[in-house]
Amino acid sequence: MKNKAAALSLQQTCLSPAQEKTQQKVIALAGNPNVGKSTIFNALTGMKQHTGNWPGKTVVNARGTCTFHDNTYTLVDIPGCYSLMAHSAEEEVARDFICFGEPDAVIVVCDATCLERNLNLVLQIMEAGRPVLLCVNLLDEARKKKIQLDLSLLSFRLRLPVAGTTARSSRGLDELLDELEQMLFSSPLSGRSCALPEASTPRVVYPEYIEEALSLLVPRLKRICSASGKKLPSARFIGARLLDANESLQASLKNYLGFDPAAIPEISGTLEEIRQMLEDRGISREQLHDDLASAFVRTAERVCKGVVFYPDEDCDKKDRKLDRIFTSRLTGFPIMLLGLLGIFWLTITGANYPSALLSRLLFGLEDRLALLFSLAGVPAVLTDVLLHGVYRVMAWVISVMLPPMAIFFPLFTLLEDFGYLPRVAFNLDRCFQSCSACGKQALTMCMGFGCNAAGVTGCRIIDSPRERLIAIITNNFVPCNGRFPPPYKGKQNCSSALTMKKQPN
Ligand SMILES: Nc1nc2c(ncn2[C@@H]2O[C@H](COP(=O)(O)OP(=O)(O)OP(=O)(O)O)[C@@H](O)[C@H]2O)c(=O)[nH]1
Ligand SMILES: [Mg+2]
């Protein structure tokens, strides 16, 4: 793409308030996990955020810049989330940035193959009052499955700009930036303004009793919050979350405003009044919670009618069949064991040949360097330190560790891209759970076979701090390729860093 600029920085931004803002417009890239946010981010900024075919790779916000038609944007790739009612640490990071990070706009990336499910989040972000540009990605996958989409109708129904993309091949990204530009810089009269006033936003309509409660709460919240002078999510959104007693959002709101609106007598009194009203009508907190959530689902269903066509009823048939083969008890485990053993065999046996070659080359060079050092009259102590110390260790590390890594990680990436790794995690989830660990640990352990450092870093994908700690500690017991035990290293004897000797000439 012609319009990419170099990326500047990659940094964690949890609550990222106004002080971080520059003249550049700050654009958040939000969406469900695994819909291609980081792929779009990388294509637009030239950065290298981790992408792969399983959900939950991005766990902290990443920033980069992108220039298009002389406008420079700061793009923020945020972790995938299914909803703004955060259930995990990553979802909280995403929700906090959308609600309190003061982005100028949010590009919500959706998966074209399951648009209806993705619209849930779109509607929530719209309710939060953030300017939204909808990016329907994975159009190539939708085409493969013969799913037809009417994006103009979708745009009309949601009253949002919509762009279709295939991020993997950078298709549609210029159009996406065009839409963004129009949305941010065209006048409200042109009809493309993103900052929809609250009243004109296509609202998600809640059941009558919730609307009644909100009509009591929202005007009071508006009065209190408007005094804060901050770019808050809409009062309706905050009101609905206060009704739902969403503690984590309340804590972030308090952090952002500097005071807790729910602790102000006017609001706490109204909440109490509403609670009493619900109790009198026999409405439980669970029902309230379900009704608040299902309003989005119902609206998404309504919006999608006539927008998405599945001419082939069994468009997911192939995926389901593969799921059955790779995760059933009968075939899932044998295939998984054979596959993983195959990879280890290829890594270990295959690495012996380049290892032997590299070690012959590097140690041969050492002998020649030793000759050169002695001819040059280099003191013995210096030769020992530089040549028999630094150089020899480097030669060992390169010849032992580089070849298996060069084989293992590409194979691992292939498994990731084929979508097999989440199936491994699924297969092993029960085993890991019976040890009070998390199924995702299967992925970090596999990675640990390539390199423990990568495995430990990868443990960021595990939500629960306790399970993450277990994964980090136990990863050290996974023999990484530099520590594969000698009996398994094949006949060639140039392998483990622990056992390797200098090759005789
Ligand atoms: N076929 C196809 N694959 C895509 C497209 N966009 C992204 N992908 C692939 O989808 C997978 C997920 O992409 P990511 O960019 O990592 O998704 P993400 O939304 O950042 O995922 P999380 O950070 O886990 O939430 C990767 O394997 C991408 O190569 C696309 O347009 N078409
Ligand atoms: Mg990502």
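What you are looking at is a predicted structure, and each value in this text was computed from that prediction instead of being measured.

1. Structural notes on the nonpolar core
Working step 1: In terms of nonpolar packing, the biggest core is built from 74 residues, with Leu119, Leu134 and Leu154 touching the most fellow members.
Working step 2: When residues of this core are assigned to their parent elements, the largest contribution, nine residues, is made by helix 7 (residues 208-226).
Working step 3: No fewer than three residues from each of domain 1 (18-200) and domain 2 (208-283) sit in this core.
Working step 4: Sequence-distant contacts of Leu154, that is, excluding residues within four places in its chain, are made with Leu115, Leu119, Leu134, Val136, Val162, Val303 and Val307.
Working step 5: Formed by 26 residues, the second largest nonpolar core is a distinct cluster that contains Phe68, Ala105, Ala163 and Met183.

2. Describing the sheet that holds strand 1 (residues 25-31)
Working step 1: Spatial ordering of the open sheet is given by 2-3-1-4-5-7, a layout of six strands whose pairing is mixed. Each having just a single partner strand, strand 2 (62-68) and strand 7 (162-164) make up the two edges of the open sheet. Within the sheet, the average angular offset between the axes of one strand and its neighbour, ignoring direction, is 25°.
Working step 2: Pairing of strand 5 (residues 132-137) with strand 7, which is carried by three bridges, proceeds in the parallel orientation. Directly across from Cys135, in strand 7, lies its bridge partner Ala163.
Working step 3: Running over the sheet, helix 1 (residues 37-45) touches strand 1, strand 2, strand 3 (71-77), strand 4 (105-111) and strand 5 and is turned about 50° from strand 2.
Working step 4: Those strands touched by helix 3 (residues 115-127) are strand 1, strand 4 and strand 5, and its axis lies near 165° from that of strand 4.

3. Some points on the UniProt feature "transmembrane region" (unreviewed entry) in the protein
Working step 1: Mapped onto this numbering, the UniProt entry annotates "transmembrane region" (unreviewed entry) at residues 330-348, 369-387 and 393-415.
Working step 2: Taken end to end, residues 369-387 has its terminal C-alpha atoms 8 Å apart, with 79% of it in helix and 0% in strand.

4. Observations regarding unusual backbone geometry
Working step 1: In this structure, Lys146 is a non-glycine residue whose phi angle is positive, near 60°.
Working step 2: Considering the arrangement of structural elements, one finds Lys146 in the loop between helix 4 (139-144) and strand 6 (148-149).
Working step 3: Of note in the backbone geometry, Ser170 takes a positive phi value of approximately 55° without being a glycine.
Working step 4: The exposure class of Ser170 is partly exposed, given its relative accessible area of 28%.

The rules behind each value
- Residues numbered from 1 in each chain as written.
- Chains lettered and ligands numbered in written order.
- Predicted model: local features only at pLDDT ≥ 70, side-chain atom pairs only at ≥ 80, totals over all residues.
- Heavy atoms only, no water.
- Core = buried A, V, L, I, M, F, W, Y, C linked by side-chain atoms within 4.5 Å.
- Buried < 20%, exposed > 50% of the residue type's maximum accessible area, 1.4 Å probe, protein only.
- Helix = DSSP H or I, 4+ residues; strand = E, 2+ residues; numbered from the N terminus.
- Domains from an automatic or database assignment.
- Contact = heavy atoms within 4.5 Å.
- Pairing = 2+ DSSP bridges.
- Axes fitted to C-alpha atoms, helices over the stretch in contact; angles between N-to-C directions.
- UniProt positions renumbered as here; feature names shortened; annotations may be inferred.

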